[in-house]
Amino acid sequence: MGGALTMALAGYWHDVYIGAVSVFFLLIMAQRFFGDASYTIIGPYIAEVWPNRLRASGMGFSYGIGNLGKIIGPLGVALIVGSSNYVSPKITLEALFPEAAVSRLLVWPDGLMFIILGFETKGRSIEEIDRSLKAPAVGGLASV
């Protein structure tokens, strides 16, 4: 969520300077801090939340879905900025804010899914988490 906010602000303040330092550059550095730091959490978390029998294929599936962004990302940028080059779209300063804003809006559903579907694993063993994943759900379709 911090990465999404700092990226949107970077697009909005692309032409602002503090002395000789570009605010755009500072906010991109902050975005990379939040964006890259999330990967130190996501890998272990994904390994914990898949049941034992599905752990390897579940992690592969999760990473595979995440890697779709490497294909969809440049296509989306090209569509947003109106470029005909879908592989390596060139962005203008006028298109910088709309592209950054739309790109960051697409990150919010990721955070929302962690809030809605995620569960705390701190202080629990893999075996304990696995048992809770195998337990029947209370309410909902699983108990019907």
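Each remark here, short or long, concerns the structure printed above.
Now for a description of the structure that goes with this document. Keep in mind that what you see is a predicted model, and the values were worked out from it rather than measured.

### Some points on the overall build of the protein
Moving on, step 1. Secondary structure summary: the protein contains seven helices and two strands in total.
Moving on, step 2. Its helices and strands in sequence order give the protein the pattern α-β-β-α-α-α-α-α-α, from N to C terminus.
Moving on, step 3. For 144 residues, the compact-globule estimate of 2.2 N^0.38 gives 15 Å, and the C-alpha radius of gyration of the protein, at 19 Å, exceeds that figure by more than 25%.
Moving on, step 4. Across its three principal directions, the C-alpha atoms of the protein cover 55 × 35 × 25 Å.
Moving on, step 5. Relative to its 144 residues, the protein shows a buried fraction of 24%.
Moving on, step 6. Surface summary for the protein: the accessible area is close to 10000 Å², and the carbon and sulfur share equals 70%.
Moving on, step 7. Charge-centre separation for the protein: the mean point of 10 positive side chains lies 8 Å from the mean point of 10 negative side chains.

### Considering the layout of surface pockets
Moving on, step 1. Empty space within the largest pocket amounts to approximately 1900 Å³.
Moving on, step 2. The leading source of residues in the lining of the largest pocket is helix 2 (residues 23–49), at eleven residues.
Moving on, step 3. Grouping the amino acids of the lining of the largest pocket by side-chain chemistry returns 27 nonpolar, 14 polar and six charged.

### Comments concerning the packing of helix 1 (residues 2–12) against helix 5 (residues 93–105)
Moving on, step 1. Where helix 1 contacts helix 5, the two axes come as close as 7 Å, and the packing angle between them is 170°. Between helix 1 and helix 5, the crossing angle belongs to the class labelled roughly antiparallel. Mapping the contact onto sequence places Gly3, Ala4, Met7, Ala8, Gly11 and Tyr12 in helix 1 and Leu96, Phe97, Ala100 and Arg104 in helix 5.
Moving on, step 2. Here the residues of the contact of helix 1 with helix 5 sort into seven nonpolar, two polar and one charged.

### Some details on helix 2
For an α-helix, the turn length of 3.6 residues means that residues three or four places apart are oriented alike.
Moving on, step 1. The first and last C-alpha atoms of helix 2 sit 38 Å apart over 27 residues, in line with the 39 Å expected at 1.5 Å per residue.
Moving on, step 2. At Ile41, helix 2 shows its strongest bend, of approximately 30°, with the proline Pro44 following within four residues.
Moving on, step 3. Taken residue by residue, helix 2 has Val23, Leu27, Gln31, Gly35, Gly43, Tyr45, Ile46, Ala47 and Val49 as its buried positions.
Moving on, step 4. Structurally, the start of helix 2 carries an N-cap: the backbone nitrogen of Phe24 is 3.2 Å from a side-chain oxygen of Ser22.

### Observations concerning the side chain of Thr6
Moving on, step 1. Relative to the assigned elements, Thr6 resides in helix 1.
Moving on, step 2. Here Thr6 falls in the buried class, since its relative accessible area comes to 9%.
Moving on, step 3. Within polar-contact distance, the side chain of Thr6 engages the backbone oxygen of Gly2 at 2.9 Å.
Moving on, step 4. Excluding residues within four positions of it along the chain, Thr6 makes contact with Leu27, Ala30, Gln31 and Phe34.

### Considering the environment of Tyr12
Moving on, step 1. Mapped onto the elements, Tyr12 comes out in helix 1.
Moving on, step 2. Judged by its relative accessible area of 51%, Tyr12 is exposed.
Moving on, step 3. It is 10.0 Å that separates the C-alpha atoms of Tyr12 and Val23, two residues lying eleven residues apart in sequence.

Cut-offs and rules
Residues numbered from 1 in each chain as written. Predicted model: local features only at pLDDT ≥ 70, side-chain atom pairs only at ≥ 80, totals over all residues. Heavy atoms only, no water. Helix = DSSP H or I, 4+ residues; strand = E, 2+ residues; numbered from the N terminus. Rg over C-alpha atoms; globule rule 2.2 N^0.38 Å. Buried < 20%, exposed > 50% of the residue type's maximum accessible area, 1.4 Å probe, protein only. Areas by Shrake-Rupley, 256 points an atom, 1.4 Å probe, with all protein chains shown as cover. Lys, Arg positive; Asp, Glu negative; His and termini not counted. Charge placed at Lys NZ, Arg CZ, Asp CG, Glu CD. 1 Å grid on protein atoms, 1.4 Å probe; cavity = no way out; pocket = protein on both sides within 12 Å on 5 of 7 lines; lining within 4 Å. Points joined across faces, edges and corners; volume = space filled by probe spheres on them. Nonpolar A, V, L, I, M, F, W, Y, C, P; charged D, E, K, R; others polar. Axes fitted to C-alpha atoms, helices over the stretch in contact; angles between N-to-C directions. Parallel < 35°, antiparallel > 145°, perpendicular 65-115°, else oblique. Contact = heavy atoms within 4.5 Å. Expected span 1.5 Å × (residues − 1). Bend = angle between axes of the 7 residues up to and from the residue. Polar contact = N/O pair within 3.5 Å; in protein donor to acceptor, adjacent residues only side chain to side chain.

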